[in-house]
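Okay, here's what each chain looks like letter by letter:
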Amino acid sequence: MIHPRLLGALPAAGLVLIAGDIRSGKSTLAWGLVEEVHKKDPGRPCHVFGFPQVKAGLLPPWVTSVEDVEFPEDSVVIADEAYRRLYARESWADDNKSADQFAGLVGQKGILAIYLTQTARKLDISLVSGAQVFLLKKPSRLMVLLDRSALRPLLSRAFDAFHASSVPAQECTYVVADAFEGLVERSNTLPSFWSDDLSKVWRGVANGPARHETTLSTGDVYRGLNQLAVDCWDTNKALRDVLLKAVEQVDAGSWEAAVSTLDAGLALAGPLQSKLERLRDGALLALDK
């Protein structure tokens, strides 16, 4: 069962993003939403994207698996652990190019797409910014501190709301929609077909991403920053200056400072945001080495 206020925030067609900490109830919420939509319109096709084929027997008979981001029109699609195919560090990969176009077309195609991830940072920026509804299960403190800078104030409000509630966190959802923002207590119960195996669907499945993950070397980051500065030299001087500052910091070996500079520059990037995201994530990897 889904709380009426939460169900009322759901668009008939559009992009819904669900995020939250590990084991916070993201999957039960998403599958509960899909089940409610199916109950109201049994003839509407329901699909799951990127689901491990060896576990297909766990799905109800009215759900079919799809592997193509060109989702069928007028359908409902759930992408659990969506970052396995729509990962921010692969912002130029074919799947993300398709997803970028798809994010703006779901309304025209009549598709309700529900994407789940532990943190929005893992998803391509076009999907995050294109969402009509953002549903948050309880975020961790680190998620609040380290997720995308534009989302941190929202995550902080959600974090405080969860901690102020006396209702168990898994029974609550923080809703961000045009008509409403706030915590919905007792927001959802388990879907009728739920099982422990479905809650751990990736157990026994290879840990690697569903497609080959490409990452940037430190040299790639340096060259990419310089090239991006050239690309926006006359058209976006504010971003150009940010990029040149980051290049100087990289030259000095100050990767942490470069990450902070690039993070601040995302708000200036406009159509270059996906490219800047990838370069920033490459700089983040340099910090781990």
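Look above for the structure.
Read on for an overview of the structure.

So, how was this worked out
- The residue count restarts for each chain, going from 1 along the sequence in the order it is written.
- Only residues with pLDDT of at least 70 are given local features in this predicted model, and only at 80 or more are side-chain atom pairs given and counted; all residues enter the totals for whole chains, interfaces and linings.
- Note that the side-chain values use all heavy atoms of the structure and ignore hydrogens as well as water.
- Take the buried Ala, Val, Leu, Ile, Met, Phe, Trp, Tyr and Cys residues and link them wherever side-chain atoms come within 4.5 Å; each set so joined is a nonpolar core.
- Summary of the burial criterion: residues with accessible area below 20% of their type's maximum are buried, those above 50% are exposed, and those between are partly exposed, where the area comes from a 1.4 Å probe applied to protein chains only.
- Runs of E in the DSSP output that reach at least two residues are strands. Runs of H or I that reach at least four are helices, and both are numbered from the N terminus.
- Here a residue-residue contact requires only that any non-hydrogen atoms of the pair lie within 4.5 Å.
- Helix span, expected: 1.5 Å multiplied by one less than the number of residues in the helix.
- As used in this structure description, the phrase polar contact means that two N or O atoms lie within 3.5 Å; if the pair is within protein, one of them must be able to donate a hydrogen and the other to accept it, and residues adjacent in sequence are counted only when both atoms belong to side chains.
- Between the rings of Phe, Tyr and Trp (Trp by its six-membered ring), a pair exists once the centres lie within 6.5 Å; its type follows the angle of the planes, with under 30 degrees stacked, over 60 edge-to-face, and the other angles tilted.
- Salt bridges are defined as contacts in which a side-chain nitrogen from Lys or Arg sits within 4 Å of a carboxyl oxygen from Asp or Glu.

Time to look at the nonpolar core. Of all hydrophobic cores here, the largest spans 33 residues; its most connected members are Val16, Ile18, Trp31, Leu33, Ile114, Leu135 and Val175. Mapped by element, the contributors of at least two residues to this core are helix H1 (4-9), strand S1 (14-19), helix H2 (26-40), strand S2 (46-49), strand S4 (76-79), strand S5 (112-117) and strand S6 (133-136). Here the element with the most residues in this core is H2; it accounts for six residues. Setting aside its immediate chain neighbours within four residues, tryptophan 31 contacts Val48, Leu59, Val63, Ile78, Asp80, Pro191, Phe193 and Trp194.

Before going further, it helps to spend a moment on helix H10 (residues 237-251). Over its 15 residues, H10 extends 21 Å from the first C-alpha to the last, a length consistent with the 21 Å expected when each residue adds 1.5 Å. A positive backbone phi angle near 80° is found at glycine 253, which sits one or two residues after H10.

By the secondary structure assignment, serine 24 is in the loop between S1 and H2. Residue serine 24 is classed as buried on the basis of its relative accessible area, which comes to 6%. Within the structure, the side chain of serine 24 is placed 2.7 Å from the backbone oxygen of aspartate 21, a separation counted as a polar contact. The residues contacting serine 24, other than those within four sequence positions of it, are Lys137, Lys138 and Gln170.

What follows covers the side chain of arginine 280. By the secondary structure assignment, arginine 280 is in helix H12 (residues 273-288). A residue is classified by how much of its surface remains accessible, and arginine 280, at 1% relative accessible area, is buried. A distance of 2.8 Å separates the side chain of arginine 280 from the side chain of glutamate 277, its partner in a polar contact.

Evaluation of the coordinates by the stated rule reveals two aromatic pairs. Summarising the aromatic geometry, the rings of tryptophan 31 and phenylalanine 193 are spaced 5.8 Å apart at their centres and angled 90° between planes, so their arrangement reads as edge-to-face. One end of the pair, tryptophan 31, is in helix H2; the other, phenylalanine 193, is in the loop between strand S8 (181-185) and helix H8 (196-199), with 162 residues separating them in the sequence. A residue is classified by how much of its surface remains accessible, and tryptophan 31, at 2% relative accessible area, is buried. Both rings, one in tryptophan 62 and one in phenylalanine 193, keep their centres 5.8 Å apart while their planes meet at 80°; by these two values the pair is edge-to-face.

Looking now at the pattern of salt bridges. Scanning the model with the defined rule gives nine salt bridges in all. Where glutamate 73 meets lysine 109, a salt bridge forms, and the shortest distance between an N and an O atom there is 3.7 Å. Of the two residues, glutamate 73 sits in the loop between strand S3 (63-66) and S4 while lysine 109 sits in helix H4 (residues 106-109), which places them 36 residues apart along the sequence. In this structure, arginine 280 and aspartate 263 form a salt bridge, with 2.8 Å as the shortest nitrogen-oxygen distance.

Everything listed here is a matter of geometry and, on its own, says nothing about what the molecule does.
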